[in-house]
Amino acid sequence: MWSRRQLAAQAAAAGGLALAALQAQAQAPAPGSTLERVRRNQVLRVAALPGEAPYFNKDILTGTWTGMCVAMSDDIAGLLDAKIEYLESTYGNSVLDLQADKIDLAFALNPTPKRALVIDFTPPFYLHGFGMVGRKGFTPSEWGELDKPEVRIAVETGATSEIATRRFAGHATITGYKMRDDCVLAVQSGRADCWTTAANLGLTAVKKNPALGEFRVLRKPRVQLPVCIGTRMEPDKKWRDFLSAWIAYNRGIQQIREWLHAGLAINGVMPGDIPADVEL
């Protein structure tokens, strides 16, 4: 028969093993978590957004993807020894794709409160500044200059820029268009004095369409929204935390800025084309 001392020692040893097992379990990704699955399968599933330069560009002939977020995906996948699988999507659908476990991350999302109810977000990898692309000779620099009934503004229906425009230039004559290209055509044809949009989109449009005027940052107020990576909402936060640390590091060494400039350059926008007051 065992003595009380032997029983106590056995119980202590068992307790120590149990504690060690719990600590190991806490440190390792939970079974089925995104980080664990990416490492195990060596596949990173990414939502790709056709036509959304400078984030994504797809060569129609070869099917090859390029752009800022493609370079970011390559870097993340390289750290995890994973290959990338792209799923063509849209900003709105990529949120649904995360919920349905079709992708592991979604780039270039604004972390709206409504979206934050259903998916997680990293800290921003940069701030999205807003401005306007004007017709030739139309060069306002403040929202107040647009906030007049005689000013005709084209907006992309449902975009964040439409919300900002209706808030800060609500007295203008605002026309919503389903497609971004329709906004550009409205300005080119003279049906609109300007199109309010994000800096990277406006700079790209001006470079590709010589018939347009200038891109100008709008101030008073300066509207900037965070651009983040979206992840699936799950109990184990190691995937989101890994991506957050990755963003902090690459922002600190200015690598994300370099990727953004390279993405803009695909459509001919060079660093010298970016106005000094545009903060990318």
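Preceding block: the structure.
Only a predicted model underlies this, so the values are computations on that prediction, with no experimental measurement involved.

Cut-offs used in this document
Residues numbered from 1 in each chain as written. Predicted model: local features only at pLDDT ≥ 70, side-chain atom pairs only at ≥ 80, totals over all residues. Heavy atoms only, no water. Pairing = 2+ DSSP bridges. Helix = DSSP H or I, 4+ residues; strand = E, 2+ residues; numbered from the N terminus. Expected span 1.5 Å × (residues − 1). Buried < 20%, exposed > 50% of the residue type's maximum accessible area, 1.4 Å probe, protein only. Arc of directions from axis to C-beta. Contact = heavy atoms within 4.5 Å. Core = buried A, V, L, I, M, F, W, Y, C linked by side-chain atoms within 4.5 Å. Salt bridge = Lys/Arg side-chain N within 4 Å of Asp/Glu carboxyl O. Phe/Tyr/Trp six-rings, centres within 6.5 Å; stacked < 30°, edge-to-face > 60°.

1. Here's the deal with the pairing of strand β12 (residues 224-232)
Here strand β5 (residues 106-109) pairs with β12 via 2 bridges, running antiparallel. Within the sheet, the bridge partner assigned to Leu-109 lies in β12 and is Cys-228. Bridge count for strand β6 (residues 119-121) against β12 is 3 bridges, and the pairing is antiparallel. Counterpart to Ile-119 in the pairing with β12 is Arg-232. Pairing geometry for strand β7 (residues 126-134) and β12, over 4 bridges, is antiparallel. Paired with Gly-129 across the two strands is Gln-224, which belongs to β12.

2. Here's the deal with helix α10 (residues 238-252)
Over its 15 residues, α10 runs 21 Å from end to end, which matches the ideal 21 Å to within 8%, given 1.5 Å per residue. Among all positions in α10, only Trp-239, Leu-243, Ser-244, Trp-246, Ile-247 and Asn-250 are buried. What you see down the axis of α10 is that its buried residues fit within an arc of 160°, all on one side. For α10, the exposed residues set more than 90 degrees away from the buried face come down to Ala-248, Tyr-249 and Gly-252. In the core, the buried residues of α10 are packed alongside α2 (34-41), β1 (43-48), α3 (68-79), β12 and α11 (255-265). In the stretch just after α10, Gln-254 is the one whose phi turns positive, near 65°.

3. Overview of the nonpolar core
Grouped burial of nonpolar side chains is what soluble globular proteins tend to show. Leu-44, Phe-56, Met-68, Ile-76, Leu-105, Phe-107 and Phe-125 are the most contacted members of the largest nonpolar core, which totals 50 residues. Beyond its immediate sequence surroundings of up to four residues, Phe-56 is in contact with Ala-47, Ala-48, Leu-49, Gly-51, Trp-65, Thr-66, Cys-69, Val-70, Tyr-86 and Phe-107. Counting 17 residues, the second-largest nonpolar core is a separate cluster that includes Phe-130, Met-132, Trp-143 and Ala-198.

4. Here's the deal with α11
Note that an α-helix has 3.6 residues per turn; residues three or four places apart therefore point the same way. What α11 keeps buried is the set Gln-255, Ile-256, Trp-259, Leu-260, His-261, Gly-263 and Leu-264. Those residues of α11 hidden inside the fold are in contact with α3, β7, α9 (199-208) and α10.

5. Some details on the pattern of salt bridges
Two side chains bearing opposite charge may form a pair once their charged atoms approach each other closely. Taken as a whole and assessed by the stated rule, the structure comprises 18 salt bridges. The shortest N-O distance in the salt bridge between Glu-36 and Arg-40 comes to 2.2 Å. Of this pair, Glu-36 and Arg-40 both sit in helix α2, 4 residues apart, which is roughly one turn of the helix. One salt bridge in this structure joins Asp-101 and Arg-45, with 2.9 Å as the shortest N-O distance. Of this pair, Asp-101 sits in the loop between α4 (91-99) and β5 while Arg-45 sits in strand β1, and the two are 56 residues apart along the sequence. Here Asp-101 falls in the partly exposed class, since its relative accessible area comes to 33%. Judged by its relative accessible area of 18%, Arg-45 falls in the buried class. Taken together, the salt bridges that share partners define one network made up of Arg-37, Arg-45, Asp-101, Asp-104 and Arg-232.

6. A look at the side chain of Arg-180
Within the secondary structure, Arg-180 is located in helix α8 (residues 180-188). Taking the relative accessible area as the measure of exposure, Arg-180 reaches 17% and is therefore buried.

7. As for the packing of aromatic side chains
Under the definition given, this model contains 8 aromatic pairs. Ring centres 6.0 Å apart and planes at 85° place the aromatic pair Phe-56 and Trp-65 in the edge-to-face group. As far as the burial class goes, Phe-56 and Trp-65 line up, both buried. Through pairs of rings, three or more aromatic residues link up here, namely Phe-56, Trp-65, Tyr-86, Phe-107, Phe-125 and Tyr-126.

8. Side note on the environment of Thr-160
Considering the arrangement of structural elements, one finds Thr-160 in helix α7 (residues 160-168). Separated by 30 residues in sequence, Thr-160 and Phe-130 have C-alpha atoms that sit 9.5 Å apart. Apart from the residues within four sequence positions on either side, Thr-160 is in contact with Asn-110, Phe-130 and Leu-225.

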